[in-house]
Amino acid sequence: VGERILAFDARAGERLYEANRPPGRWIAGALAGGDTGELRLLALTVDGAMCRLSAVRVSTGMEDLLLTEPNIEPLALLPVGKDLFIAHSRGLIRLH
């Protein structure tokens, strides 16, 4: 992860696709299973005054926007058990 999100074939090493990079400055990321068990790359970014949490589907590269929160400075993405927390400059946001 950096300027681009790439997926590769685990056996052949060939590039499968390039996903759209979520907008803004990268804060944190984590790999998580979705409701259907599909792997997703969670990307916590900040763009101007907007905090964004996106889920990029590993199988397709499609991005789902999970959360936008104005006027907070995100610091970290914290998976705790089955919960996910976003630590920010004024506290925590708990996602279920």
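Described in the following lines is the structure provided in the data block. Once a new chain begins, its residue numbering starts again from 1 and follows that chain's sequence as written. In keeping with the model being predicted, local features are shown solely for residues with a pLDDT of at least 70 and side-chain atom pairs are shown and tallied solely at 80 or more, while totals for entire chains, interfaces and linings include all residues. Note: side-chain values were computed over all heavy atoms of the structure, leaving out hydrogens and water.

### Quick word on the overall build of the protein
The secondary structure listing takes helices from DSSP runs of H or I that are at least 4 residues long and strands from runs of E that are at least 2 residues long, numbered from the N terminus. Counting its secondary structure elements, the protein contains zero helices and nine strands. Seen in sequence order, the protein has helices and strands lined up from the N terminus as β-β-β-β-β-β-β-β-β. The buried label applies to any residue whose accessible area, calculated with a 1.4 Å probe on protein chains only, is under 20% of its type's maximum; exposed applies above 50%, and partly exposed to all values in between. For the protein, the residues scored as buried account for 34% of the 96 residues in total. Should any heavy atoms of two residues lie within 4.5 Å, those residues are considered in contact. Taking contacts inside the protein between residues at least 6 apart in sequence as the whole, the part at least 24 apart equals 24%. On the protein, roughly 6,100 Å² of surface is accessible, and the fraction owed to carbon and sulfur atoms is 51%. Using a 1.4 Å probe, accessible areas were evaluated by the Shrake-Rupley method; residue-level cover was limited to the displayed protein chains.

### Here's the deal with the nonpolar core
The biggest cluster of nonpolar side chains holds 14 residues, and the ones touching the most others in it are Leu44, Leu53, Leu77 and Ile86. Secondary structure elements with two or more residues in this core: β3 (25–33), β4 (39–47), β5 (50–57), β8 (83–88) and β9 (91–95). When residues of this core are assigned to their parent elements, the largest contribution, three residues, is made by β5. If we skip the residues at most four places from it in the chain, Leu44 touches Arg25, Trp26, Ile27, Ala28, Cys51, Arg52, Leu53, Pro74, Ala76, Leu77 and Ile86. For this analysis, a nonpolar core means a set of buried residues of the types Ala, Val, Leu, Ile, Met, Phe, Trp, Tyr and Cys, connected via side-chain atoms within 4.5 Å.

### With respect to a nonpolar patch on the surface
Taken together, the side chains of Leu31, Leu39 and Val58 make up a nonpolar region of the molecular surface, amounting to roughly 260 Å² of accessible area. Tracing the sequence through the fold places Leu39 in strand β4. Surface patches are defined over residues having more than 30% relative accessible area and no salt bridge, joining like charges when they lie within 9 Å and nonpolar side chains (Val, Leu, Ile, Met, Phe, Trp, Tyr) when within 5 Å. Salt bridges, as used here, are contacts in which a Lys or Arg side-chain nitrogen is within 4 Å of a carboxyl oxygen on Asp or Glu.

### A word on the layout of surface pockets
Definitions used for this entry: grid spacing 1 Å over protein atoms alone; cavity, a set of points where a 1.4 Å probe fits but cannot get out; pocket, an open set with protein on both sides within 12 Å along at least 5 of 7 lines; lining residue, one with an atom within 4 Å of a point. Grid points are joined across faces, edges and corners, and a volume is the space filled by probe spheres set on the points. In this structure, the largest pocket spans a volume of roughly 470 Å³. Looking at the lining of the largest pocket, the elements that each hand over two or more residues are β3, β4, β5 and β8. Note that Gly is not counted as nonpolar here; it falls among the polar residues with everything else outside the nonpolar set of Ala, Val, Leu, Ile, Met, Phe, Trp, Tyr, Cys and Pro and the charged set of Asp, Glu, Lys and Arg. Residue composition of the lining of the largest pocket, by class: ten nonpolar, four polar and four charged.

### Remarks on the environment of Trp26
Along the chain, Trp26 falls in strand β3. Classification of Trp26 by relative accessible area gives partly exposed; the value is 27%. With 18 residues separating them in the primary sequence, Trp26 and Leu44 have C-alpha atoms 6.4 Å apart.

### Remarks on the sheet that holds β8
The criterion for strand pairing is that DSSP finds at least two bridges linking the strands in question. Pairing in this open sheet of three strands is antiparallel, and the strands run β7-β8-β9 from one edge to the other. The open sheet terminates on both sides in strands that have one partner only, identified here as β7 (74–80) and β9. Across the sheet, the axes of successive neighbouring strands diverge by a mean angle of 20°, strand direction being ignored. Summarising the sheet, β8 and β9 pair through five bridges and their orientation is antiparallel. From the neighbouring strand, His88 faces β9, where its bridge partner is Gly91. Note on method: axes are straight lines fitted to C-alpha atoms, helices fitted across the in-contact stretch only, with angles between N-to-C directions ranging 0 to 180 degrees.

### Regarding the sheet that holds β5
The strand order across the open sheet formed by four strands is β3-β4-β5-β6, and the pairing between neighbours is antiparallel. A single partner strand is all that each edge strand has here, and the edge strands are β3 and β6 (63–70). Here the average twist between neighbouring strands, direction ignored, is 20°. As paired strands, β5 and β6 are joined by seven bridges and run antiparallel to one another.

Interpretation note: all reported values are geometric properties and have no functional meaning in isolation.
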